[in-house]
Structures are given as C-alpha cells and as structure tokens.
Amino acid sequence: MKTTILYVLFLITATLTLVNRYTPFYINNSVLHFIILFIASLTFVFIIGQLVGKLKRSRSQLLAFIIVGVICFIKSFLTWGGDWKTQTIIYKNLTNDNKTIEFQMRGDRFSFGYKKRIVNRLKLFPGFDWTTDIDTTTIDHKHWKKMNLYVNEMKFASK
C-alpha cells in the first residue's frame, strides 16, 4: 500500500510538473509550484531508493528529505521568474465566467523592470490556469464583454 501511494504521488506530481513546463497549463502560485516539484523529486528519490535497496532507515529517509528540500529550494529560487499577476481584466467571456482576457505582469527577477503579457486565461482550479497568448485585435466581440477592470494584483500605488 505504501509503495502504491509513492508511485501514484510521483505519477501525479511529475505529470503536473511536465504539463506545466511544456503546455499552456500554468501553476499560478509559487508555493504550490514548489510543493509539487518537491513531492515529485522526493518520491522519485524514494522510488530509486526502494529499487536499489537503500533508504530503509528513518535517519537516511530524513536526510534524503532535507537534501531534496534544499536542492528544490535552490532550484526554485534561481529559476522561478515570479508569479504572473493580473493588472487588468480586459474582457470577460459571455458564456464562461472562468474565461477572461487579462493584462498580466511579473517582476523580472535579478534585473529591474517587469515582464508584460496579454493572455486568454481559463481558470481550471484554484492555483491552476490554462493560459494562451492572444491578440486582442482579432477577438470575436460577440463572445466577449469589454471590462477594463483594474485588479492591481502587483499592489502598485493607486492611479
């Protein structure tokens, strides 16, 4: 039973990590992203440990937990560009409230300034989105309501 849980956790978290990396699927919370990466890495190490016959004692499992945690933290710190934050909801879909066209920004880590994008965002679950770049000049206005709702998730001083 314990081994089955280990394999299922690895399968789910590794799949989420790969789908986040190679598709428009987006994990929109850095803490959630770190937790998923950590669980995928830790379960991988434990699976390899089981196959090789190591990591049987609690002490070696704790050491593996700490080492994987530190490596994942360093990897996340050095590679995570920051969370995309919605500044303005430009359009809202008339048939699906979870689908919006948004102007988003994120802090450009290790340099000054911000990265900007306009995306078609479908909110799947809390913490998970499906985002695709969109050209607002080509949208069909029959399906979208103009909002221009200033959200200010970056917490800039008021206009």
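For the structure itself, look to the data block above.
Scoring rules and cut-offs
Residues numbered from 1 in each chain as written. Predicted model: local features only at pLDDT ≥ 70, side-chain atom pairs only at ≥ 80, totals over all residues. Heavy atoms only, no water. Helix = DSSP H or I, 4+ residues; strand = E, 2+ residues; numbered from the N terminus. Rg over C-alpha atoms; globule rule 2.2 N^0.38 Å. Buried < 20%, exposed > 50% of the residue type's maximum accessible area, 1.4 Å probe, protein only. Areas by Shrake-Rupley, 256 points an atom, 1.4 Å probe, with all protein chains shown as cover. Lys, Arg positive; Asp, Glu negative; His and termini not counted. Charge placed at Lys NZ, Arg CZ, Asp CG, Glu CD. Expected span 1.5 Å × (residues − 1). Arc of directions from axis to C-beta. Contact = heavy atoms within 4.5 Å. Salt bridge = Lys/Arg side-chain N within 4 Å of Asp/Glu carboxyl O.

**Notes on the overall build of the protein**
In step 1: Across its full length, the protein carries three helices and six strands.
In step 2: Here the C-alpha radius of gyration of the protein, 20 Å, is well above what a compact globule of 159 residues would show, namely 15 Å.
In step 3: Across its three principal directions, the C-alpha atoms of the protein cover 60 × 35 × 20 Å.
In step 4: The proportion of buried residues among the 159 residues of the protein is 32%.
In step 5: Surface accessibility of the protein: about 10700 Å² in total, with carbon and sulfur atoms responsible for 65%.
In step 6: Positive and negative side-chain charges of the protein, numbering 22 and 9 respectively, have mean locations separated by a distance of 12 Å.

**Focus: helix α1 (residues 2-22)**
In step 1: For α1, spanning 21 residues, the distance from its first C-alpha to its last is 30 Å, which sits close to the expected 30 Å at 1.5 Å a residue.
In step 2: Residues of α1 that are buried include every one of L6, T13, A14 and N20, and no others. All buried residues of α1 lie within an arc of 125 degrees about the axis, which places them on one face of the element. The outward face of α1, more than 90 degrees from its buried face, is lined by the exposed residues L11, L18 and Y22.
In step 3: For α1, the elements touching its buried residues are β1 (25-27) and α2 (30-52).

**Here's the deal with the pattern of salt bridges**
In step 1: Considering all chains together, one arrives at two salt bridges under this definition.
In step 2: E102 is the partner of R121 in a salt bridge, and the nearest nitrogen-oxygen pair spans 3.1 Å. Within this pair, whereas R121 is found in strand β4 (residues 114-125), its partner E102 is found in strand β3 (residues 99-107), the two being separated by 19 residues in sequence.
In step 3: Using a relative accessible area of 12% as the deciding quantity, one classes R121 as buried.
In step 4: Exposure remark for E102: the relative accessible area of 1% places this residue in the buried category.

**Thoughts on helix α3 (residues 58-79)**
In step 1: Between its first and last C-alpha atoms α3 spans 31 Å; for 22 residues at 1.5 Å apiece the expected length is 32 Å, and the two agree.
In step 2: Residues of α3 that are buried make contact with α2.

**A short note on the environment of V119**
In step 1: Among the structural elements, V119 can be located in strand β4.
In step 2: Assessed through its relative accessible area of 1%, V119 is described here as buried.
In step 3: Look past the residues within four positions of V119 in its chain and what remains in contact with it is T100, I101, E102, Q104, T131, T132, D133 and I134.

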